[in-house]
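# What the coordinates show
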Amino acid sequence: MTGVQTCALPILRPTEILSQYFPEWQNAKIADLAGERDLNFKLTKTNDCAVLKIYQPGQHDWLMIQDRALHSLSDLAPHVPQPLHTQIIELAGGKHARLVSWVSGKAWADVENSSRDLSNLGKLLGSVDSRLRSIELSPTELTILQRPFIWNMLQAGNLSQHLHQIEDRKVREICMRILEDFREIHLPQLAQLEYQLIHNDGNDYNIMVGEEGVGLIDFGDIIFAPKIIGLATALAYLCLEQEDPIKHVLPLVRAYHLAHSLNQSELALLYPLIKVRLAMSVINAAIQSAATPNNDYLLISQAVIPKLLNQLESVNENLAHYRFRDACGYEANPHSREIRQYISTRARKADVVSPGYRGEKYIYLDWSVANTSIPRWSNDIADLMAEK
């Protein structure tokens, strides 16, 4: 496990940090990278890149868990970043710095993607979660991972107090209903599932697509929660701007399941949790934008997320659930077996249809264009029935 190294720099200058702690990168070209909470810099030198990350005070223990997570994923490199530091650097003012490897490619949101890309991404996300599941966490680490955090879906109910900050009335009402259902229905169901360490931030700007395939970056939002929350988080963003959002992500769900099996209880929660993540995104963007109105990164997805929330209002929740089940090889309707047993054990199978039709009169109607005497009115059909 990495330790801590103190840096007495009075001012946070990336060049000075590199010179003192990463001299092999001191002549690298430095470029700013966008970020929600931290300072990020891309470092480029001949045939190699890395990311220097500088954090706000109070993050040390959280960063140690991130390093543990990344080390557990070393066999998935270069598709996930790896720590390049041996010790977390402690800067003046309680801030910290880390250096991690660069994951090449363009953001998923900025490129055209195929069903193969979705399958490859599903395999990667499942593989990441499968390895993170094996990490044993101490009571102290569990406490850190369960601290108040606006991107922890298990705490999404707390966001209700900020609904008033959503300007669009219809979107505000949708988010309110989603959070009410989450508190009353879905949160108790989540409590019955297995918990593990999860990435928790598979948005379309943290997924990279390049010559080496798909990659996953930014482990700064890791939490201890059921893995279905992590999958729902990724799907929420991958559903954006799709004519049929659920159909679009089915290859990913199928590939994830093959890499890290999803049980039926988890799949039952997948669709409603997608909506919870979208509601969280809208509310958190409103909160953060009000606090830091000049940070455009905070609004990066807000032009399309409210549109998706409105779009999902017309999606039948049962149908979405059945499609996810079918993608994972389960019978689409979880009650199919009971229905078949009911039908096969009834003495009179006609009783399935009410009222029964056996023994009733019937006629065949020729509706082809060649028939010039098609009955048009109920009286005409009644006359035909009378002749039966």
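Quick summary incoming for the structure in this document. Being a predicted model, the structure only gives us computed values, none of them experimental.

Conventions and cut-offs
- Residues numbered from 1 in each chain as written.
- Predicted model: local features only at pLDDT ≥ 70, side-chain atom pairs only at ≥ 80, totals over all residues.
- Heavy atoms only, no water.
- Salt bridge = Lys/Arg side-chain N within 4 Å of Asp/Glu carboxyl O.
- Helix = DSSP H or I, 4+ residues; strand = E, 2+ residues; numbered from the N terminus.
- Phe/Tyr/Trp six-rings, centres within 6.5 Å; stacked < 30°, edge-to-face > 60°.
- Buried < 20%, exposed > 50% of the residue type's maximum accessible area, 1.4 Å probe, protein only.
- Core = buried A, V, L, I, M, F, W, Y, C linked by side-chain atoms within 4.5 Å.
- Contact = heavy atoms within 4.5 Å.
- Axes fitted to C-alpha atoms, helices over the stretch in contact; angles between N-to-C directions.
- Parallel < 35°, antiparallel > 145°, perpendicular 65-115°, else oblique.
- Left-handed = near helix turned anticlockwise from the far one by under 90°.
- Nonpolar A, V, L, I, M, F, W, Y, C, P; charged D, E, K, R; others polar.
- Arc of directions from axis to C-beta.

## Some details on the pattern of salt bridges
Counted by the stated rule, this structure contains eleven salt bridges. Taking the shortest distance from any N to any O, the salt bridge between Arg 131 and Asp 75 comes out at 2.8 Å. With Arg 131 in helix 3 (residues 115-132) and Asp 75 in the loop between helix 2 (60-72) and strand 5 (87-90), this pair connects stretches of sequence that are 56 residues apart. Among the ionic pairs, Lys 227 bridges to Glu 266, the shortest N-O distance being 2.8 Å. Taken as a pair, Lys 227 in helix 6 (residues 227-238) and Glu 266 in helix 8 (residues 264-291) lie far apart in primary sequence, 39 residues in all.

## Points about the packing of aromatic side chains
One pass over the structure, following the stated rule, counts two aromatic pairs. Geometrically, the ring pair formed by Trp 62 and Phe 149 is edge-to-face, given 5.4 Å between the ring centres and 70° between the ring planes. Of the two residues, Trp 62 is situated in helix 2 and Phe 149 in the loop between helix 4 (139-145) and helix 5 (169-190); the sequence distance between them amounts to 87 residues. Phe 149 carries the same exposure label as Trp 62, and that label is buried.

## So, the environment of Thr 46
Inspection of the secondary structure puts Thr 46 in the loop between strand 3 (39-45) and strand 4 (48-55). In sequence terms Thr 46 and Lys 29 are 17 residues apart; their C-alpha atoms lie 9.7 Å from each other.

## Focus on the nonpolar core
By size, the foremost hydrophobic cluster in this structure holds 86 residues, and its most contacted members are Leu 270, Leu 273 and Phe 324. Ignoring sequence-local partners within four residues, the contact set of Leu 273 consists of Met 153, Phe 182, Leu 190, Ile 228, Ile 229 and Ala 232.

## Concerning the packing of helix 8 against helix 10 (residues 317-327)
Running from amino to carboxyl end, helix 8 crosses helix 10 at an angle of 130°, the nearest separation of the two axes being 9 Å. Considering the angle they form, helix 8 stands oblique to helix 10. Along this stretch, helix 8 crosses helix 10, giving a crossing that reads as right-handed. Together, Gln 264, Leu 267, Ala 268, Leu 270, Tyr 271, Pro 272 and Ile 274 of helix 8 and Glu 317, Ala 320, His 321, Phe 324 and Arg 325 of helix 10 make up the contact between the two elements. For the contact of helix 8 with helix 10, the residue count by class is eight nonpolar, two polar and two charged.

## Some points on the packing of helix 3 against helix 7 (residues 245-259)
Running from N to C, helix 3 and helix 7 cross one another at 35°; their axes reach a closest spacing of 7 Å. Crossing of helix 3 over helix 7 shows right-handed handedness. On helix 7, the residues touching Ser 115, Leu 118, Ser 119, Leu 121, Gly 122, Lys 123, Leu 125, Gly 126, Ser 127, Asp 129 and Ser 130 of helix 3 are His 248, Pro 251, Leu 252, Ala 255, Tyr 256 and Ala 259. For the contact of helix 3 with helix 7, the per-class residue count stands at eight nonpolar, seven polar and two charged.

## Some details on helix 9 (residues 305-312)
Those residues of helix 9 that sit buried are Ile 305, Leu 308, Leu 309 and Leu 312. Projected down its long axis, helix 9 carries its buried residues within an arc of 105°, all on one side.

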